[in-house]
Amino acid sequence: MVQGLYWAWYIIGAVLMLTIGVPDVLSFSNGLFLIFYALYVLDLIYQGRKRTGLSDQSVIWMKPELWLVSFIIWLGGMGVEWVGVHTHWPFGEYSYSDFFGIHLFSVPVTLGFAWIAVVGNSALLSGGGSTWTGKLIRAVKTGFWAIVLDLVLDPVAHAREFWQWQAPGGFYGVPWTNYISWFVMGAFLSLFLPAMPSDRSSLLRAKWLYQLFILLFGLLALKEGITGSFIIAILGVLLAEGSWLYDSRRKIKTV
């Protein structure tokens, strides 16, 4: 259900953003898209863990530890965004528009879900995490996938005035400190996640999710004339595909 809802929202949103734009009457859908993305990622993690014996057979809504981890990531993401907006550290000087809905202390509430989605999706691509050594390796990989996505997402968001950077420079108007901060925070927040599922289905779905998300914003970047982000989006799609081809987990099939 969650997956179907996300893809329906994705297709409609992609068509609108790449053509006429999202009408004002549907502006509420922007924040919902981030929520659906986060819920889809959580469902992928849970279902994959269940298939590979890392979780019992109870439904996702009855798994308090997964929701606790999600809340920690949401709170961590919102917290660092609040610090960033009010102190201009670590991301640089910026402010949010009303594009993503209701604000809490000048930060859209839905941004916390974006952190869950990006960190969770990146961790699914990275795998591992059953031991502290595994979690640290996964954290570095998660930070890498997060920064690749952000190199595409942030310039488009800046160009479309989803949020505004006050100081020029960096990569298409977005300070380099922002990308470094996404790497560090993405890696750190991933440490709270449980071991990722190690089955073909979970990795394949996570790959498709990441690829199509980054491709959408890559096409938006191309439409805005942000060639660098478009190229990075294509590279991100290819890197995710390469990661899939050389990942031993893709050989593990479950019912």
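This text follows the structure it describes.
Fair warning: this is a prediction, and the values are worked out from it, not measured in the lab.

Chemist: So, the overall build of the protein: which residues are in play, and what are the values?
Modeler: Scanning the protein for helices and strands turns up eight helices and four strands. Listing each helix as α and each strand as β along the protein from the N terminus yields α-α-α-β-β-β-α-α-β-α-α-α. Since a compact globule built from 255 residues should have a radius of gyration of about 18 Å, the 17 Å found for the protein is in line with a globular shape. Over its C-alpha atoms, taken along the principal directions, the protein stretches across nearly 50 × 35 × 35 Å.

Chemist: Describe the nonpolar core, with residues and values.
Modeler: Counting 73 residues, the largest nonpolar core has Tyr6, Tyr37, Ile73, Trp115, Leu193, Tyr210 and Phe217 as the members making the most contacts within it. Per element, the largest residue contribution to this core is eleven residues, and it comes from helix α2 (residues 28-51). Residues within four places of Tyr210 in sequence aside, it is in contact with Asn121, Ser122, Leu125, Trp145, Val148, Leu149, Gly236 and Ala240.

Chemist: Any chance you could break down helix α5 (residues 132-159) for me, citing the residues and the numbers?
Modeler: The end-to-end C-alpha distance of α5, which contains 28 residues, comes to 40 Å, matching closely the 40 Å that a straight helix rising 1.5 Å per residue would cover. Across the 28 residues that make up α5, a large majority, 20, are buried. Glu161 lies just past α5 and shows a positive phi near 65 degrees.

Chemist: I'd like a description of the packing of helix α4 (residues 111-126) against helix α7 (residues 200-223), backed by residues and values.
Modeler: In contact at an axis separation of 9 Å, α4 and α7 are set at 130 degrees when each is read in the N-to-C sense. When the interaxial angle is binned, α4 and α7 end up oblique. For α4 against α7, the interelement crossing comes out left-handed. Between α4, through Asn121, Ser122, Leu124 and Leu125, and α7, the contact on the second element is made entirely by Leu203, Ala206, Lys207, Leu209 and Tyr210. Broken down by class, the residue content of the contact of α4 with α7 amounts to six nonpolar, two polar and one charged.

Chemist: Can you explain unusual backbone geometry? Please cite residues and give values.
Modeler: The omega torsion of the bond from Trp89 to Pro90 falls at 10 degrees, within 30 degrees of zero and hence cis. One can find Pro90 in the loop between α3 (64-87) and β1 (94-96). In this structure, Phe105 takes a positive phi of about 55 degrees despite not being glycine. Positionally, Phe105 belongs in the loop between β2 (103-104) and β3 (107-108).

Chemist: Describe the pattern of salt bridges, and please don't skip the residues or the numbers.
Modeler: Applying the stated rule across the entire model yields two salt bridges. Two residues, Glu224 and Arg160, come together in a salt bridge whose shortest N-O distance is 2.9 Å. You can see Glu224 sitting in the loop between α7 and α8 (227-245) and its partner Arg160 sitting in the loop between α5 and β4 (163-165), a full 64 residues away along the chain. The salt bridge partner of Glu241 is Lys207, with a shortest N-O separation of 2.7 Å. A residue pair is termed long-range when its members are at least 10 positions apart, and Glu241 in helix α8 and Lys207 in helix α7 qualify at 34 residues. Looking at Glu241, the relative accessible area reads 28%, which means it is partly exposed. Lys207 sits in the buried class, given a relative accessible area of 4%.

Chemist: If you had to explain the packing of aromatic side chains to someone new, which residues and values would you point to?
Modeler: Counted under the stated rule, the structure contains 29 aromatic pairs. Seen from their ring centres, Tyr6 and Tyr37 are 5.8 Å apart, and the 35 degrees between their planes marks the pair as tilted. You can see Tyr6 sitting in helix α1 (residues 2-18) and its partner Tyr37 sitting in helix α2, a full 31 residues away along the chain. For Tyr6, a relative accessible area of 0% translates into the label buried. Ring centres 6.5 Å apart and planes at 35 degrees place the aromatic pair Tyr10 and Phe33 in the tilted group. Placement of Tyr10 in helix α1 and of Phe33 in helix α2 is noted, with a sequence separation of 23 residues between them. Of the two residues, Tyr10 and Phe33, both sit in the buried class. Put simply, the rings of Tyr6, Trp7, Tyr10, Phe33, Tyr37, Tyr40, Phe213 and Phe217 pair up and form one aromatic cluster.

Definitions and cut-offs
Within each chain, residues carry numbers counting from 1 in the order of the written sequence. In keeping with the predicted nature of the model, local features appear solely for residues at pLDDT of at least 70, side-chain atom pairs appear and are counted solely at 80 or more, and the whole-chain, interface and lining totals rest on all residues. Just so you know, side-chain values use all the structure's heavy atoms and leave hydrogens and water out. Per the convention used, a helix needs a DSSP run of H or I reaching at least four residues, while a strand needs a run of E reaching at least two, with both numbered from the N terminus. With C-alpha atoms as the basis for the radius of gyration, the globule rule is written as 2.2 Å multiplied by the number of residues raised to the power 0.38. Side-chain atoms within 4.5 Å are what join buried Ala, Val, Leu, Ile, Met, Phe, Trp, Tyr and Cys residues into a set we call a nonpolar core. Only protein chains enter the accessibility calculation, which uses a 1.4 Å probe. A residue is then buried if its area is under 20% of the maximum for its type, exposed if over 50%, and partly exposed in between. Only heavy atoms matter for contacts: two residues are in contact if any of them lie within 4.5 Å across the pair. Any helix carries an expected span of 1.5 Å times its number of residues minus one. Note on geometry: axes are C-alpha line fits, over the in-contact stretch for helices, and angles between N-to-C directions span 0 to 180 degrees. Convention used here: angles under 35 degrees read as roughly parallel, angles over 145 as roughly antiparallel, angles from 65 to 115 as roughly perpendicular, and any remaining angle as oblique. Crossing handedness is read from the near helix: turned anticlockwise from the far helix by less than a right angle, it gives a left-handed crossing, and turned clockwise, a right-handed one. Under the scheme applied here, ten amino acids are nonpolar (Ala, Val, Leu, Ile, Met, Phe, Trp, Tyr, Cys and Pro), four are charged (Asp, Glu, Lys and Arg), and all others, including Gly, are polar. What counts as a salt bridge is simple: a side-chain nitrogen of Lys or Arg found within 4 Å of a carboxyl oxygen of Asp or Glu. Each Phe, Tyr or Trp ring (for Trp, its six-membered ring) is paired with any other whose centre lies within 6.5 Å, and the angle between the two planes then decides the class: stacked below 30 degrees, edge-to-face above 60, tilted in between.

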